[in-house]
Amino acid sequence: MTTDNEKQLKKMKVRMPPSPTGYMHIGTVRMALFNYLYASQHDGQIVMRMEDTDRERSKKEFADDIIDGLRWLGLGWDEGPYYQSQRGEIYKRYLQRLLDENKAYWCFCSQDELEAQKQYQMSRGEAPIYSGKCFEMPRAQAEELIRQGRKAVVRFRGSKKKIAFNDIVRGRIEFDCSLTGDFVIAKDLDNALYNFTVVVDDCEMGITHVIRGEDHISNTPKQILVQEALGIEMPVYAHLPIVMGADRSKLSKRHGAVAITEYRRQGYLAEALINFTAFLGWNPGTEKEIYSMEELLRDFSLDKVQKGGAVFNPVRLDYLNGLYIRQKTPAQLAELCLPYFIEAGLVSKEGQDYKNRQTAEIIEPGFLEKIVAYQQPRLKKLSEIVDLSGYFFTGQLDYDKDLLKWKDATLKEIADALDELINLFSKIETGDWGRQKLEEIVMSRIAGFNLAQGKPEKDRGYLLWPLRVALCGQKMSIGPFEMADVLGREKTLKRLMAAKDLASGTSSAETLFDN
RNA sequence: GGCCCCAUCGUCUAACGGUUAGGACGUCGCCCCUUCAAGGCGAAAACGCGGGUUCGAUUCCCGCUGGGGCCA
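Cut-off values and rules
Residues numbered from 1 in each chain as written. Chains lettered and ligands numbered in written order. Predicted model: local features only at pLDDT ≥ 70, side-chain atom pairs only at ≥ 80, totals over all residues. Heavy atoms only, no water. Helix = DSSP H or I, 4+ residues; strand = E, 2+ residues; numbered from the N terminus. Expected span 1.5 Å × (residues − 1). Bend = angle between axes of the 7 residues up to and from the residue. Buried < 20%, exposed > 50% of the residue type's maximum accessible area, 1.4 Å probe, protein only. Contact = heavy atoms within 4.5 Å. pLDDT = per-residue confidence, 0-100. Near = heavy atom within 4 Å. Polar contact = N/O pair within 3.5 Å; in protein donor to acceptor, adjacent residues only side chain to side chain.

A look at helix H13 (residues 330-343)
Structurally, the α-helix is built with 3.6 residues per turn, so residues lying three or four positions apart point the same way.
Logical step 1: Look at H13: 20 Å from first C-alpha to last across 14 residues, which is about the 20 Å you get at 1.5 Å a residue.
Logical step 2: At Cys337, H13 is bent by approximately 35 degrees, the largest bend along its length, and proline Pro339 sits one to four residues beyond.
Logical step 3: Turning to H13, its buried residues are Leu333, Ala334, Cys337, Leu338, Tyr340 and Phe341.
Logical step 4: Where H13 is buried, its residues touch helix H9 (260-266), helix H12 (314-326), strand S14 (347-350), strand S15 (353-356), helix H14 (367-375) and helix H15 (384-389).
Logical step 5: Downstream of H13 by a residue or two, Gly345 has a phi angle that is positive, lying close to 80 degrees.

Considerations on the confidence of the model for chain A
Logical step 1: For chain A, mean pLDDT is 89; residues scoring 70 or higher make up 94% of the total.
Logical step 2: A low-confidence stretch, residues 508-515 stays under pLDDT 50, and its non-local contacts, those more than four residues away or across chains, total 13 contacts.
Logical step 3: Scored as a complex, the prediction yields pTM 0.89 and ipTM 0.93.

A look at H12
Logical step 1: Taking 1.5 Å as the rise per residue, H12 with 13 residues should run 18 Å; its terminal C-alpha atoms sit 18 Å apart, in good agreement.
Logical step 2: Restricting attention to buried positions, one finds in H12 the residues Leu317, Leu320, Asn321, Gly322, Leu323, Tyr324 and Ile325.
Logical step 3: Where H12 is buried, its residues meet H9, helix H10 (270-278) and H13.

Notes on the protein's contact with RNA strand B
Logical step 1: Neighbouring RNA strand B are 52 residues; Arg170, Pro377, Arg378, Arg460 and Arg468 lie closest to it.
Logical step 2: What you see for RNA strand B is that sugar and phosphate hold 79% of its atoms within 4 Å of the protein.
Logical step 3: One nitrogen or oxygen atom from the side chain of Ser218 is found 3.1 Å from a base nitrogen belonging to RNA strand B.
Logical step 4: At 2.7 Å from a sugar or linking oxygen of RNA strand B is found a main-chain nitrogen or oxygen belonging to Pro377.
Logical step 5: Of all elements in the fold, only helix H5 (111-123), strand S7 (171-176), strand S13 (310-311), H12 and helix H18 (461-472) reach the threshold of two or more residues within the surface near RNA strand B.

Structure (structure tokens):
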């Protein structure tokens, strides 16, 4: 036993104990994040431990997904990962010890027998408790039966006392252990169960603080009982509120797209996920809601953690992600978006160069940067860049000529407007080509036009709308001058001429674009 | 069924006995405006119910109701 003094000197140590029975979801992230923040703030150590004792449901694929995901989020650890599936010998040793000390015993009762008993107890409104029947069996007899190959589970000899523990989030929590009875801690010597392995591991790994989901509150008294039987010191507990789906039940696979890997694939940023997750059950008590990891490390505290469960609201995550996307520099954003362009088959990497796969042209430096910079305020997630920007990569636009019409303009007027634009743009040298220059020229032309004609009611849409459609072939896009800037002088003029032909009815497939 | 936990706008939440119950997302309206965004301004929107305690309860206590979790 350590004294209080030693306890204080003992370094804080927490654990991240995910169960690899599914891809990592937001609840796992929150558990890891709060442990990470708390340990980091207190100069503590973090142990990563895969709780994969459930051989049926645990998969390596899931364990790898969780490890990979946590690293991506920046939630590292100092020790591990340990795998409970590889620690059977350790559990066996402790199991044997409890058996030897008569604190646990073999139970030979059949499933049917137990089930009948439980039904009977429940029908009388009593708590379903094991009778303790097999505890009466002499040890030697039990061992003999085991040697004969009889199937038996290991039961922990419970207690009838009351147990209380102090929870950092919830305060004092009490349980009456007479309602727990003798519970099963192992299916056999090689297969210890959750409430046993946790206690053994936490002890072996020197865990001082257990920060986990509130779904474990009910397990805590059993674990405390096992600790006492093993002479282990009780760690400090903090039970976090649960993360729920829209239906207010514990978040799980059946809530649809909850896998973090999937969010990552769609282009959610780690910092958005972290910020979002931190505020699921915690807040600083101020009105500041945008938090970087550094700021979280500064301001986070467990005693400001909410007690009630929180519903996971993906719409808010979208907002935060958009916000973080808008904070990126064009260069950063271009790098983040590049994989999506490549995956969509718009861009390919050949040697040192990136190529436009639609037109086989080399992509000039700055091309992607310009696109993403202009699209930046429209992005909620990175993957959206593809659908928003496809028209920059194509060699030929395909749209209906009526799309060129602004309000009640005729095709003739549109053709004239396009002609006007071609004239204006042709005069600009390639070296002067740029968003600002183009805008200046067109806008002053519009102003002059309106002044000269004395009819300001002819709004700028008559010029700008056909310009937009000519350049992208659709009604939603970034600004027309921005598009022209991205496309450059040559392609802009080509698209304008193609549109003019289309509007004036002289178009043919061949005249649209050369390439 | 037993035990445990929880309870403020639709959602995340602030409030630590006295506030016009605050903020954010979302929704709606307006502005900007060549589209879609972004941005700016504004609006609607909450203390689950019933008892106490108190001069005064969203806030403290009890009960109910509701939700969730753990046991198999």
